Each structure stands twice: as structure tokens, then as C-alpha cells.
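# Coordinates in review
Read off the chains here:
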Amino acid sequence: MDFTPEEWQAIWLTLRVAVVAVVGSLPFAVAVAWVLSHTRFPGKILVEALISLPLVLPPVVTGYALLILLGRHGIIGQFLDRDLGIVLAFRWTGAAVAAAVMGFPFMVRGIRLSFDAIDRDLEGAAATLGAPAWLVFLTVTLPLALPGLLSGAVLAFGRSLGEFGATITFVSSIPGETRTIASGIYALLQTPDGDAEVLRLCAVSLVLSFGSLVVSELLIRAGQRRLAQ
Amino acid sequence: MSGLEFSARLALGDFRLDAAFEGAERVTALFGPSGAGKSTILRLIAGLLRPDEGRIVLAGHTVFDSATGLNLPARKRRVGLVFQDGLLFPHMSVRQNLLYGPWARRAPKPAAFDRTVEILDIAKLLDRAPRRLSGGERQRAAIGRALLSDPAVLLMDEPVSAVDQERRAEILPHLASLTQEFPIPMIYVSHAIEEVERLADKVVRIRDGRIQDS
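Note that residues are indexed from 1 along each chain, following the sequence as it is written. Chain A is the first chain written and ligand 1 is the first ligand written, with later ones labelled in order. Totals for whole chains, interfaces and linings use all residues, but because this is a predicted model, local features are given only for residues with pLDDT of at least 70 and pairs of side-chain atoms are given and counted only at 80 or more.

### Here we look at the overall build of chain B
Helix and strand labels come from DSSP, where a helix needs a run of H or I of at least four residues and a strand needs a run of E of at least two; each type is numbered from the N terminus. When helices and strands are tallied, chain B shows 7 helices and 11 strands. The quantity called the radius of gyration is restricted to C-alpha atoms. Its globule counterpart is 2.2 Å times the number of residues to the power 0.38. For chain B, the C-alpha radius of gyration of 17 Å lies close to 17 Å, the compact-globule estimate for 214 residues. Overall, the C-alpha framework of chain B stretches about 45 × 40 × 35 Å when taken along its three principal axes. Every one of the 214 residues in chain B was classed for burial, and the buried ones make up 48%. Backbone-placed C-beta atoms define the burial measure: a residue is buried with 20 or more other C-beta atoms within 10 Å of its own, exposed with 12 or fewer, and partly exposed in between.

### Observations concerning the confidence of the model for chain B
Residue and element names in this part refer to chain B. What pLDDT expresses is the predictor's confidence in each residue, scored from 0 to 100. For chain B, per-residue confidence averages 87 on the pLDDT scale, and 95% of positions sit at 70 or higher. Of all helices and strands in chain B, the one with the weakest mean pLDDT is helix α6 (residues 165-181) (73), whereas helix α2 (residues 94-98) scores best (96). With a pTM of 0.85, the predicted complex shows an ipTM of 0.90.

### A closer look at the interface of chain A and chain B
Interface size, as often reported, equals the accessible area lost upon joining of the parts. Contact residues are listed per partner, giving 20 residues for chain A and 18 residues for chain B. Per-element tally for the side of chain A that touches chain B: the top contributor is helix α6 (residues 120-128) of chain A, with 7 residues. Placing a C-beta atom from the backbone of each residue, one calls two residues in contact when those atoms lie within 7 Å.

### Description of the packing of helix α5 (residues 92-116) of chain A against helix α7 (residues 133-161) of chain A
All names here are of chain A. The angle between two axes is taken between their N-to-C directions and runs from 0 to 180 degrees, where each axis is a line fitted to C-alpha atoms and a helix contributes only its stretch in contact. Relative orientation of the contacting elements α5 and α7 amounts to 155°, with a least axis distance of 8 Å. When the axis of α5 is compared with that of α7, the two are roughly antiparallel. Regarding α5 and α7, the two cross each other, and that crossing is right-handed. Taking contact as the criterion, the partners of Ala99, Met102, Gly103, Phe106, Met107, Arg109, Gly110, Ile111, Leu113, Ser114 and Phe115 in α5 are, on α7, Thr141, Ala145, Gly148, Leu149, Ser151, Gly152, Ala153, Leu155, Ala156, Arg159 and Ser160. Residue composition of the contact of α5 with α7, grouped by class: 12 nonpolar, 8 polar and 2 charged. In this scheme, roughly parallel covers angles under 35 degrees and roughly antiparallel covers those over 145, while 65 to 115 is roughly perpendicular and the rest are oblique. Here a crossing is taken to be left-handed if its near helix is turned anticlockwise relative to the far helix by less than a right angle, and right-handed if that turn runs clockwise. For this classification, the nonpolar set comprises Ala, Val, Leu, Ile, Met, Phe, Trp, Tyr, Cys and Pro, the charged set comprises Asp, Glu, Lys and Arg, and every other residue, Gly included, is treated as polar.

### Here's the deal with the nonpolar core
Core membership is restricted to buried Ala, Val, Leu, Ile, Met, Phe, Trp, Tyr and Cys residues, and these are joined into a nonpolar core through C-beta atoms within 7 Å. Membership of the largest hydrophobic core comes to 119 residues, with the highest contact counts inside it found for Ala98 of chain A together with Leu155 of chain B. The element contributing the most residues to this core is α5 of chain A, with 14 residues. Beyond its immediate stretch of four places on either side in the chain, leucine 155 of chain B contacts Leu42, Ile45, Ala46, Val79, Gly80, Leu81, Val82 and Ile187 of chain B.

### Remarks on the sheet that holds strand β4 (residues 53-58) of chain B
Residues and elements named next belong to chain B. DSSP calls a pair of strands paired once it identifies at least 2 bridges connecting them. Strand order in the open sheet formed by 5 strands is β2-β1-β4-β5-β6, with antiparallel pairing between adjacent strands. Taken across any chain shown, the strands that pair with only one partner, and hence form the sheet edges, are β2 (15-22) and β6 (70-71). Pairing between strand β1 (residues 5-12) and β4: 5 bridges, direction antiparallel. Each bridged residue has a counterpart across the sheet, and for serine 7 the counterpart in β4 is arginine 55.

### Topic: unusual backbone geometry
A positive phi angle, close to 60°, is found at phenylalanine 90 of chain A, a residue other than glycine. Among the structural elements, phenylalanine 90 of chain A can be located in the loop between α4 (77-84) and α5. On the neighbour-count criterion, phenylalanine 90 of chain A (17 C-beta atoms within 10 Å) is partly exposed. Phi is positive for arginine 78 of chain B, close to 55°, though the residue is something other than glycine. Among the residues examined, arginine 78 of chain B registers 21 C-beta atoms within 10 Å and is labelled buried.

See below:
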């Protein structure tokens, strides 16, 4: 298949946004998943609901919330701009933030399941053998959860590839800056004679999404094998 | 005297534990039916559970006292805990499992390593993954792992209950020679009286979270 430079741009940008979104949010997702899996505290159910909110909220609402919070004149965004020189709205970095927020529930869920699957007594055994909590995490919890953790990350990656609603609301669809595969398809649908290009981008989207689901499933199976004694 | 004193009250859901006993010099057996609270007591001693109220002394050192708010974390209690199903770290070899304790404490390889491996007859298994061990082999490796962490007390949670009758005969003699060789007080939990009689200096009977007699 021959892609036009604009198409390559959109594919490359989509991958870059998804990778940055996943890598940037992974440490937070691991921390949140660990806390949800290992602790009990009042109001936990509200925290869980808040994290899952992007799953059920109309994406346009999430995008608008990001604009209010992180836009140039937003509640947090104005300080990012003035004090740190960071602008997210209408930039590809903003697209990564939107993708990270939308993928976060998938990531936390996947990682938390893999933490929950580990016998607490394995961590207890490490503690009685003299390991401090951080060492228990690094030598027992993390290695055993690794396949599930990667599976959650790959799933969030797949979700990021297709992110549309929150992205277009927060960062619009600027060719070369924020025009991803999804918003590119949408733009092409608005123009006459764009059908062939639409189909090509749809095919790319299908291959990438399907591929990440398969990888995610393979990792889950690897995780089950790893835990088997 | 073993320097072991245990007294604790704990409510866990519907279960109530209210028990106090002193350990024997060498092997104290905790004997009672399933669900009596034996494993809970071991977890309280190891520091994996926290009593609502009580006091726990190990080898003469107080590790928990609700009156003074003292609660040493599990890693500082120097207990060697052997779980019912071994619970070796599945992603490590037997050797890595055995040396996890000294490694985590940044201690040198224990002088007793070779002797421990010999008594437990696990020399040929050192490079194997836990999933490639039989139940009895896994349990012997788990006992070795606990011993090599230099414990002040050894806690055995039904160490042979998950192992079939034949294999049991393979582990119990090892246990007997261990108690000879390593002068560490041991608390041995079991619901099978024949195991307990063979090993124990003192039997503490427990039922429904309470001590029957001791």
C-alpha cells in the first residue's frame, strides 16, 4: 500500500501519541493499582468510580473537562503556560494527555487484576524473610504481575490509537500537529472523493487495534503460566 | 523456656480469636480442627496480621504489645514461616528461593547452607523451578528457605498437610533431624495428632479461637 505523506504523518503521530500516553501514565497506573489492590480506606469506591469515569462519560465531556483544566487559560493550564512554558491544548502533547486519560481505566484495571491474582502470602513470605516493602514489590509483586501489567499497557495503547472524541475536543484536528488516524478519517469523510483514503486509514486502524488486542491476550496467558506453581 | 509468649484477641469478620499460651523449649504443637484459628495465630506471630489487643514475645524480645503500641514489622521479627503449600517464589529457582532471606538482608551466604541442603536432601534440586518439584520437594525447599533466613523461631503451618501420606513419611524424619541440628524453637501447626505426637514437647489444643488446655 502506498501512503500519501499526510497519511504517513497521521499514522506516525498516532503511534507517537499512543506510546507517550502509555509510557507517561504507566507509573501512575501501577501506583494506583497497587493501592487499590493492597489497601482498604473509606471512600475507596468513589476513587474507583472516578478512575473508571472516562469509560462511561461521553468523550466530548472528558475533552471539555481537559480544556477547562489544562487549556491555555484553564485552571491548571494557565500556570503550566506561565510558569513552565508548557502548552497542551491544540498540541500533540495534549493529544497524548487525552489518550492517557481515556486509556487509564483500562490500564489500572488490567494491572490491578494481575496484582489481585498474586497470593498475598507470597508477599508475606518475602516480608518474613527480611525484605522491606519496596523490595517485596520489586522482587515478588512486580515480576509476577509483569505480564498482566504489560497486557494492561498494551490494551491502553490500543485504546489510545482509536481515541477520537476527547482528543478532537481538547486539541482539535490540526494536520501535522494533532491529526491522528481517527481524526484524519473524520476529516476525510467531510470532503468529497475521500473514500479511498478513508478505507486505507481504516485498514491501518484495524490492523493496529487488532494487533494490540492479540498481544494483550498473549501476555495475559503468559501471566497465568508464570503464576502456576 | 523458649522465650515465647503469646496472648492476643482478634476479630476477623465472624471469627473471634482469644488465646494465650507459652511456648515449650523446642517444639510446641498447635493442634486443633480446621478453622480453629491455628494459622491465624501463626500470622499474628509472624506480623502478617495485627491483633486488636495483646502481647507477643519471641526469643525473649517483645515484638508486639498493644499496651505500649509496639508493633515490629514482619521483616524485623526473625520468624521463619513455612506455609501449608510451600509458597516458594514461582519465578525463582530453588537456590534463589533458599538465598532470598540472606540476600534481602544483605547478609553473606549462610555458613549453614550446605548442611541445610544436605539434611533436607535438596542438593539435586537447586537449579530447578518450583513448578518442577513434587509436593514433598517443594515443602522441603520451603523449610530450607525459612531456616536460612536465620530465624529466632520457626513457624510451620501444616507443612505436610498438602502432601500425600507416602511423601509425609519422607518429610517428617527430616523435620526430626532438623530440630536436633538447629536449636531453634518451633511452633508446629497441625490437625493430625500422629504428626504432633512424634515431634512436640508441648501440645496446645485449640478450638473455635480458644485454647482448650495446655
